[in-house]
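Fold and contact review
If you want the building blocks of each chain, they are given just below.
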Amino acid sequence: MNLLQETPFSLLELAPVRLGETAADTLKGTLAFARHADQHGVHRFWLAEHHNMRGIASSATSVLIGAVAGCTERMRVGSGGIMLPNHPPLVVAEQFGTLDALYPGRIDLGLGRAPGTDPLTSRALRRDDMRAEQFPQEVEQLQKLLGPVDPGARVHAVPGEGSQVDIWILGSSLFSAHLAAAKSLPYAFAGHFSPRYARDALELYHANFTASEAMPEPYAILCLPLIAAESDEAARFIGTSSQQRILALLRGDPLWLRPPVESMDGLWNPRERAGVEDFLGLQVSGGPQTLKSKLSKIIETYPVNELMFTNDIYDQQQRQDAVSILMSLKDLG
């Protein structure tokens with residue numbers, strides 16, 4: 001087997017809302033997408049926490065994780081991630097302990113320290129900005145709450161203690177890499193929106209990893225934007241939906257997923273184009289042979305154990321087809 005065949009492929013889902021679609025439509029599509037991924041051998045399926053973002057329907061992340069786990073059978077399901085400063089650690093432990101009790105051995109808890117929203121919404125969430133500075137301590141709290149039963153503890157997560165929930169550190173900076181390495185935890189880097197720091201963060205994580213009995217070796221995921229299609233030209237066309245979405249993000253506009261266009265000319269100016277292309281610097285786009293070549297190079301270049309992909313494609317069938325194409329790469333000679 002080669003490295004491409006050996007490397008697990010996973011998905012990060014934001015529950016993207018198509019222009020003119022309802023949240024109910026979107027979530028129905030997310031569940032269908034998850035079932036398709038499960039049937040085609042995707043290793044894990046994570047959902048991201050965002051708030052007050054028109055165009056993203058994954059705000060109630062733990063609820064969606066339960067729905068996805070309930071309609072799938074094999075793949076791991078989890079958070080990419082839970083923004084810990086938005087939530088009391090005990091509540092997170094109880095939620096994910098409950099998910100683990102319902103779907104044992106399949107639940108991942110990816111943790112981030114960003115707000116996942118804007119300052120006004122942070123206040124609506126009753127978020128204390130200083131809690132981001134306490135992120136390492138709160139991760140440790142969660143490790144204890146979800147770890148072996150401690151008879152001497154005065155606070156117990158029920159369900160939660162003694163669970164099989166895997167805790168991950170998520171990040172887009174060197175801080176998160178340092179923390180994951182120091183705490184002997186697996187690490188996922190957000191290359192889908194922070195490509196510039198990917199190599200440095202992953203190399204730092206591996207170089208500084210502290211082995212433990214539970215985690216003797218480092219384990220890292222790199223998340224990338226994916227546009228997979230039957231040909232390079234088809235991928236270029238359907239990829240304009242993702243470009244429009246990032247353009248809206250940079251402008252502060254709603255993030256509805258829009259239909260693809262023949263050309264982005266006239267939709268952005270040179271400065272905006274440069275910003276979108278920088279944001280999507282690690283995007284993997286093309287037909288099967290192009291994807292195989294690009295992914296093989298990434299696996300050879302970056303110190304990663306697993307690849308995870310976002311999949312901002314407007315047409316639901318093409319979105320599912322992209323997963324089929326991605327997983328078929330493992331069978332290409």
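Refer to the structure printed above.
The present account deals with the structure reproduced in this document. Keep in mind that this is a model prediction, so the values were computed, not measured.

The rules behind each value
Residues numbered from 1 in each chain as written. Predicted model: local features only at pLDDT ≥ 70, side-chain atom pairs only at ≥ 80, totals over all residues. Heavy atoms only, no water. Salt bridge = Lys/Arg side-chain N within 4 Å of Asp/Glu carboxyl O. Helix = DSSP H or I, 4+ residues; strand = E, 2+ residues; numbered from the N terminus. Buried < 20%, exposed > 50% of the residue type's maximum accessible area, 1.4 Å probe, protein only.

1. Overview of the pattern of salt bridges
For the structure shown, the criterion picks out 13 salt bridges. A salt bridge links Asp 312 to Arg 245; its shortest N-O distance comes to 3.1 Å. With Asp 312 in the loop between strand E9 (306–310) and helix H13 (316–328) and Arg 245 in helix H10 (residues 240–251), this pair connects stretches of sequence that are 67 residues apart. We classify Arg 245 as buried; its relative accessible area is 5%. Across the pair Glu 272 and Arg 251 runs a salt bridge, and its minimum N-O distance is 2.8 Å. Here Glu 272 is found in helix H11 (residues 270–279), whereas its partner Arg 251 is found in helix H10, with 21 residues between them in sequence. Judged by relative accessible area, which is 11%, Glu 272 ranks as buried. For Arg 251, a relative accessible area of 41% puts it in the partly exposed group. Where salt bridges share partners, they join Arg 44, Arg 76, Asp 108, Asp 166 and Glu 306 into one cluster.

2. As for unusual backbone geometry
Between Gly 80 and Gly 81 the backbone carries a cis peptide bond, its omega angle lying at 5°. For Gly 81, the position within the fold is in strand E3 (residues 76–83). Omega for the peptide link from Val 158 to Pro 159 comes to -5°, which places this bond in the cis form. Within the secondary structure layout, Pro 159 lies in the loop between helix H6 (135–146) and strand E5 (166–171). Non-glycine residue Ser 184 carries a positive phi angle of around 55°. By secondary structure assignment, the location of Ser 184 is in the loop between helix H7 (174–182) and strand E6 (187–189).

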